[in-house]
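Architecture and fold: a report
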Amino acid sequence: MLSLLHIDSGAPHSDGSVSRRLTSLFAEVWRREHAAAGYRYRDLVADPVPPVGPPYVDLGRRVERRGTVPLGEVEALAANAAERRDWARTLPLIEELHAAHTVLIGAPMYNFSVPAALKAWIDRITFPGAHVDPDSGEPLLRRTRVVVVTARGGAYGPGSPRHGCDFQEPYLRAYFREHLGVPEENQWYVHAEMTLAEHLPHLARFTEMAARSLADARERIASLAARDGRPVEAPQP
């Protein structure tokens, strides 16, 4: 059975979160086309992931010195109750990520990058060796599909004046590729841009551009969600 892990990281607000509306559309189409029983939702604002601290770091370094340690053996390496509690917060996040065929992330652009709530989740799941098969050394997420849906108040696409200020998609692409082993062909990015045009007078002239960008994003999202969600196998080096 196919499974979807749906993550929202943007703060809800009175004007309505664009990224949340778009990820909801993806989830609605996906659940209609596939088995709803395989759906899992995590709201990183309503249920924030604790930032990593000394117990996480100490346990992680101890594990890293031993090489790749199976997840089921990490708890035994905890030196104290604080480390065991921190691992108990971490393991379920890693396991639900591993169980997903598709990971859907709603990520509005905050100050040229990702929300702190999403960064806290990223830091928490990036435990040493957690995403590598201890027997083969292969990335466990090499066949996972990642779909990132963003909302941006301005325009950051190729040719735009602020193209070089996009530290969101390049960061996430590099993170999922280098740290989690998700190949480029299994990563998809959908952007709704100029979302502040209808709210700020000095951006009003971009209202039509914003409407086109939102319509294009909705079309792409519906198409991606309707696919069966089975990514291609990553090519071997």
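In every chain, residue numbers begin from 1 and rise along the written sequence. Local features in this predicted model are restricted to residues of pLDDT 70 or higher, and side-chain atom pairs are both shown and tallied only at a pLDDT of 80 or more, whereas totals for entire chains, interfaces and linings draw on every residue. Excluded from the side-chain calculation are hydrogens and water; included are all heavy atoms of the structure.

Side note on the sheet that holds strand S2 (residues 39-43)
Pairing between strands is defined by DSSP: at least two bridges between the two strands are required. Secondary structure elements follow DSSP: runs of H or I of four or more residues count as helices, runs of E of two or more count as strands, with numbering from the N terminus. Spatially, S2-S1-S3-S4-S5 is the arrangement adopted by the 5 strands of the open sheet, whose pairing is parallel. Looking at which strands have only one partner, the edges of the open sheet turn out to be S2 and strand S5 (187-192). Strand after strand, the sheet turns through a mean of 15° between neighbouring axes, direction not considered. Where strand S1 (residues 4-8) and S2 come together, 5 bridges link them in parallel fashion. Across the sheet, Ile-7 pairs through a bridge with Arg-42, a residue of S2. Whether two residues are in contact is decided by their heavy atoms, any of which lying within 4.5 Å being enough. To get an axis, a line is fitted to the C-alpha atoms, and for a helix only the part in contact is used. The angle between two axes follows their N-to-C directions and goes from 0 to 180 degrees. Each of S1, S2, strand S3 (102-106), strand S4 (145-151) and S5 is contacted by helix H1 (residues 18-33), which is oriented at about 165° to S1, the strand it contacts most. Its contacts with the sheet put helix H6 (residues 207-226) on S4 and S5, and the angle it makes with S5 is roughly 150°.

Digging into the pattern of salt bridges
Here, a salt bridge means any Lys or Arg side-chain nitrogen found within 4 Å of an Asp or Glu carboxyl oxygen. If you walk through the whole model with that rule in mind, you get 16 salt bridges. A salt bridge links Arg-42 to Glu-96, with the shortest nitrogen-to-oxygen separation between them at 2.5 Å. Taken together, the residues Arg-42 in strand S2 and Glu-96 in helix H3 (residues 81-98) connect sequence positions 54 residues apart. By the burial criterion, Arg-42 is buried, and Glu-96 matches it. Close ionic contact of Asp-166 with Arg-152 constitutes a salt bridge, the shortest N to O distance being 3.0 Å. Residue Asp-166 is located in the loop between S4 and helix H5 (169-178), and its partner Arg-152 is located in the loop between S4 and H5; the two are separated by 14 residues in the primary sequence. When a residue's accessible area, from a 1.4 Å probe over protein chains only, is under 20% of the maximum for its type it is buried; when over 50% it is exposed; and in between it is partly exposed.

Quick notes on the side chain of His-131
Secondary-structure assignment places His-131 in the loop between helix H4 (116-125) and S4. You can call His-131 buried: its relative accessible area is 4%. Polar contacts, as counted here, are pairs of nitrogen or oxygen atoms within 3.5 Å of one another; within protein the pair requires one atom able to donate a hydrogen and one able to accept it, and residues that are adjacent in sequence qualify only if both atoms are side-chain atoms. Reaching out from His-131, the side chain makes a polar contact with the backbone oxygen of Ile-125 at a distance of 2.7 Å. Not counting residues up to four positions away in its chain, the partners in contact with His-131 are Ile-94, Leu-97, His-98, Ile-125, Thr-126, Glu-138, Pro-139, Leu-140, Leu-141 and Leu-180.

Considering H1
The terminal C-alpha atoms of H1 lie 23 Å apart, and with 16 residues this matches the ideal 22 Å at 1.5 Å per residue to within 8%. Among the residues of H1, those classed as buried are Val-18, Ser-19, Arg-20, Leu-22, Thr-23, Leu-25, Phe-26, Ala-27, Val-29 and Trp-30. The secondary structure elements touched by the buried residues of H1 are S1, S2, S3, S4, S5 and H6. Each helix should span, by expectation, one fewer than its residue count multiplied by 1.5 Å.

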